[in-house]
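Below are the chains, spelled out letter by letter.
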Amino acid sequence: MIGFILLGIAVIVALWAVGGYNYLVRLNGRAKEAWADIDVQLKRRYDLVPNLIEVVKGYAAHEKGVFEEVTKARASAVSAGATGAVAEKGKAEVALTGALRSLFAVSENYPELKANQNFLELSRELSDTEDKIQSARRFYNTNVRDLNIGIDTFPTNILAQAFSFTKMVLFELSDEKAREPVHVSL
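Residues numbered from 1 in each chain as written. Predicted model: local features only at pLDDT ≥ 70, side-chain atom pairs only at ≥ 80, totals over all residues. Heavy atoms only, no water.

Another aspect to go through is the overall build of the protein chain. Each helix and strand counted, the protein chain has seven helices and zero strands in total. Shown N-terminal to C-terminal, the secondary structure of the protein chain runs as helices and strands in the order α-α-α-α-α-α-α. Over its C-alpha trace the protein chain gives a radius of gyration of 23 Å, far above what one expects of a compact globule, namely 16 Å for 186 residues. Each principal axis of the C-alpha distribution contributes one length, and for the protein chain these read about 90 × 25 × 25 Å. In the protein chain, which comprises 186 residues, the share counted as buried stands at 38%. Looking at the protein chain as shown, the accessible area adds up to about 10500 Å², and 59% of this sits on carbon and sulfur atoms. Here the protein chain contributes 22 positively and 23 negatively charged side chains, and the mean placements of these two sets differ by 4 Å. (Helix = DSSP H or I, 4+ residues; strand = E, 2+ residues; numbered from the N terminus. Rg over C-alpha atoms; globule rule 2.2 N^0.38 Å. Buried < 20%, exposed > 50% of the residue type's maximum accessible area, 1.4 Å probe, protein only. Areas by Shrake-Rupley, 256 points an atom, 1.4 Å probe, with all protein chains shown as cover. Lys, Arg positive; Asp, Glu negative; His and termini not counted. Charge placed at Lys NZ, Arg CZ, Asp CG, Glu CD.)

Shown next as structure tokens:
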């Protein structure tokens, strides 16, 4: 009789362990998938920036400092992405957002540029991409929050520690202005 009780308890513990482990794996996978979505949107953004610079250069060639700032910020953001460090990526994105704001501020001084079809299309694509980045960041942060809660709460924290699940870092932008997408006024 005691043998059946012990066997029943062992089965319950085993089922709990399997279920808890699978729960943590699922949360970890969702967070990684969400990060991949951010990477896709940021790559799209990085691909749009050189085209936008070229269009603006045609109208405002003497704004060399702004172009260099945007190019440098883009290169920094791309290299920060290669490291995989979420915090570094966030800092680089703040710098790129600021540089893009400067580029669009320059465009305000050139009515012909604002009427250029290439500029209008690139601006629309960049604005759409900025919205997608913001949405992807929220989705990622939600999944990371859920994973981190799963790692911290009892009883899954026992499994998280036993199987070396680690917390992930939220993708936060420290600068309040950077939290807003780059606004493109046409």
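Let us look at the pattern of salt bridges. One pass over the structure, following the stated rule, counts twelve salt bridges. K114 is paired through a salt bridge with E108; the nearest N and O atoms lie 3.2 Å apart. By relative accessible area, E108 is classed as partly exposed at 38%. Across the salt bridge formed by D128 and K132, the nearest N and O atoms sit 3.3 Å from each other. Separated by four residues within a single helix, D128 and K132 lie in helix 5 (residues 117–152), roughly one turn from each other. You can call D128 partly exposed: its relative accessible area is 33%. Residue K132 is classed as partly exposed on the basis of its relative accessible area, which comes to 35%. What emerges from the salt-bridge pattern is a single network uniting R44, D128 and K132. (Salt bridge = Lys/Arg side-chain N within 4 Å of Asp/Glu carboxyl O.)

A full pass over the atoms with the stated rule returns five aromatic pairs. Their ring planes at 50° and their centres at 6.0 Å tell us that F104 and F119 sit as a pair that is tilted. Residue F104 is found in helix 3 (residues 86–107), and its partner F119 is found in helix 5; the two are separated by 15 residues along the sequence. The exposure classification of F104 matches that of F119, with both residues buried. Taken together, Y21, F163 and F165 form an aromatic cluster joined through their ring pairs. (Phe/Tyr/Trp six-rings, centres within 6.5 Å; stacked < 30°, edge-to-face > 60°.)

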